[in-house]
Structures are given as C-alpha cells and as structure tokens.
Amino acid sequence: MRVNQVQPVIARSSIRTPLGRRRENQRPTEGAGKQARHVRARKVISRSRGRVTGKFASMKMRTTIYWESQLERDAIMLMEIDPAVSAYYEQPFTLEYRHEGEIHHYTPDLLVEFGDGKQLIEVKPDEEAESPANQERFALLTRLFLEHGYVYRILPEREIRIQPRLDNTKLLLRYRRVVVSDVTRERLRRQLAAHYKLPIKWFTDRPELGIGLPQIASLLCYGYLATDMNAPIGPDTPVWIRG
C-alpha cells in the first residue's frame with residue numbers, strides 16, 4: 001500500500017511521552033523548559049556488535065545527551081555549536097500510528113528548537129536515507145507529524161559530515177569548558193571593535209593580552225565570536241564579534 005492510500009489513519013495517530021499519553025492529535029505544550037526536565041521517550045539501545053553508543057556532555061543543554069550511533073554523535077556536536085539552535089532534545093517522544101492494519105511506534109532522533117520554530121530530525125546514513133522503502137516511510141511520517149504541528153526532516157550523512165566544518169566543530173568543542181573572564185572578554189571586545197576582524201595569531205602573538213586559542217575557541221562555541229566554519233581553523237583564521 002502506498003503512502004497516499006493511508007490518509008484515513010493519520011487522524012488516529014497519537015504521541016506518547018515518557019510521562020504518559022497525549023490526547024490524539026494534541027500539540028505538545030509550549031515552553032516545557034530546557035533539557036533539565038526532558039526525559040527520553042525510550043532507553044538508549046544497548047551496545048551490540050557493530051553498533052557504538054555513547055553520551056555527550058552538553059553545555060548548551062546543561063545535561064548529558066545520549067547518542068546511538070557515531071553519526072548521531074556528530075549531528076549532536078553540530079547542534080551544540082550552531083548559534084541558530086536554541087535547544088535540542090534526544091528521543092523526545094514516541095508516535096503511535098496504524099498502517100496496513102498494524103500498530104507501529106516511531107521515536108525521532110532529535111527535537112531541535114530554532115528561534116523561529118521547531119523540527120523533528122531523523123539522522124540517517126546516506127544509503128538508508130535514499131532507499132525507496134525508507135523514503136515511503138518518511139513521507140508517511142512527515143504527514144503524521146504535520147498533524148501534530150511538527151516539521152519532520154531527514155538529516156543525511158552528507159549534510160552532517162561536511163568538511164572542514166565537522167573537524168572545526170570537534171576542535172572548538174575541546175575548549176567548551178574553558179571559562180573566559182569578563183575582563184578577558186572585554187579586552188578582546190575592544191581589540192575587535194577597533195579592527196573588526198583579526199586572525200587568531202594576532203592574539204596568540206601578544207601573550208600580554210592573555211587571549212589564546214582556548215579562550216577564542218570557547219567564545220566561538222558559545223556564539224560570542226564568529227568565524228568561517230567552512231575553512232580550516234588555524235593561526236590565520238579571522239574571528240569577529242557575532243552581530
């Protein structure tokens with residue numbers, strides 16, 4: 001049965017959260033808070049042969065984010081450093097729906113909040129994202145989630161593992177725990193206000209400023225500074241205050 005033949009079951013889908021079941025086609029409550037009050041809809045799939053799972057200490061969400069594949073891990077790292085992403089939650093809830101006479105359950109990988117809306121994200125390797133069977137299922141899920149007020153999209157490997165953006169992200173995240181004092185931040189701000197853009201080596205060549213790669217990388221992580229993430233980060237990389 002093709003996707004366009006399952007329209008009658010869309011109105012019968014419902015969303016289950018870890019704390020109980022929502023009414024059918026009810027939109028989740030807005031302003032539910034940050035990750036500190038988020039509970040995953042299901043347990044992380046345990047480690048098995050050929051499958052690597054793990055966790056990521058998110059400074060943006062102030063909690064531990066669990067991932068079920070290295071591709072998910074890379075996607076989470078991009079969310080962590082992307083200034084357009086205000087919040088993200090792994091395995092936010094489970095959709096229950098009927099298709100071809102059977103009950104199915106589906107849990108999206110991520111719920112991502114932007115300044116202008118939200119998206120449900122499914123992370124997939126390219127070959128899985130492009131398979132005809134999966135595309136048919138994704139089309140059905142897109143329609144089902146739309147009934148609940150959600151935009152649903154597939155985030156394929158080719159959009160996650162773009163280089164050098166991903167390597168830059170991993171480099172900067174090494175310094176996400178570095179605390180930059182207000183004095184150091186103000187000193188950096190004054191220099192950039194006078195010059196607009198300066199290469200990293202301009203600061204590292206002036207040790208009296210007390211501004212090195214750790215401080216610059218930390219401020220890039222938190223969106224105070226900006227740079228071109230599509231060029232390799234090095235001594236000549238220009239940085240500026242995000243405006």
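Residues numbered from 1 in each chain as written. Predicted model: local features only at pLDDT ≥ 70, side-chain atom pairs only at ≥ 80, totals over all residues. Heavy atoms only, no water.

Evaluation of the coordinates by the stated rule reveals six aromatic pairs. Ring centres of Trp202 and Phe203 lie 5.2 Å apart, and the angle between their planes is 75°; on these two criteria the pair is classed as edge-to-face. Judged by its relative accessible area of 0%, Phe203 falls in the buried class. Three or more aromatic residues joined by ring pairs form one cluster here, namely Phe93, Tyr106, Phe145, Tyr150 and Tyr152. (Phe/Tyr/Trp six-rings, centres within 6.5 Å; stacked < 30°, edge-to-face > 60°. Buried < 20%, exposed > 50% of the residue type's maximum accessible area, 1.4 Å probe, protein only.)

This part covers the pairing of strand E9 (residues 117-124). In the sheet, strand E8 (residues 110-114) pairs with E9 via five bridges, with the strands oriented antiparallel. In the sheet register, Leu110 faces E9, and the bridge partner there is Ile121. Joining the antiparallel neighbours E8 and E9 is a turn of two residues. Bridge count between E9 and strand E10 (residues 151-156): six bridges; the pairing is parallel. Bridging across to E10, Leu120 finds its partner in Tyr152. (Pairing = 2+ DSSP bridges. Helix = DSSP H or I, 4+ residues; strand = E, 2+ residues; numbered from the N terminus.)

If you trace the backbone, Tyr66 turns up in strand E4 (residues 63-67). Along the backbone, Tyr66 and Gly54 are 12 residues apart, and their C-alpha atoms lie at a distance of 5.9 Å.

Before going further, it helps to examine the confidence of the model for the protein. Per-residue pLDDT for the protein averages 86, and the proportion of residues at 70 or more is 80%. Every residue in residues 1-12 scores below 50 in pLDDT, and together they form 23 contacts with partners more than four places removed in sequence or on other chains. In the predicted structure, residues 19-33 sits below a pLDDT of 50 and forms 27 contacts with residues beyond four places in sequence or in another chain. (pLDDT = per-residue confidence, 0-100. Contact = heavy atoms within 4.5 Å.)

Here helix H2 (residues 70-81) spans 17 Å end to end across 12 residues, near enough to the 16 Å set by a 1.5 Å rise per residue. When you tally the buried positions in H2, you get 10 out of 12 residues, the bulk of the element. Among all positions of H2, only Leu71, Glu72, Asp74, Ala75, Ile76, Met77, Leu78, Met79, Glu80 and Ile81 are buried. (Expected span 1.5 Å × (residues − 1).)

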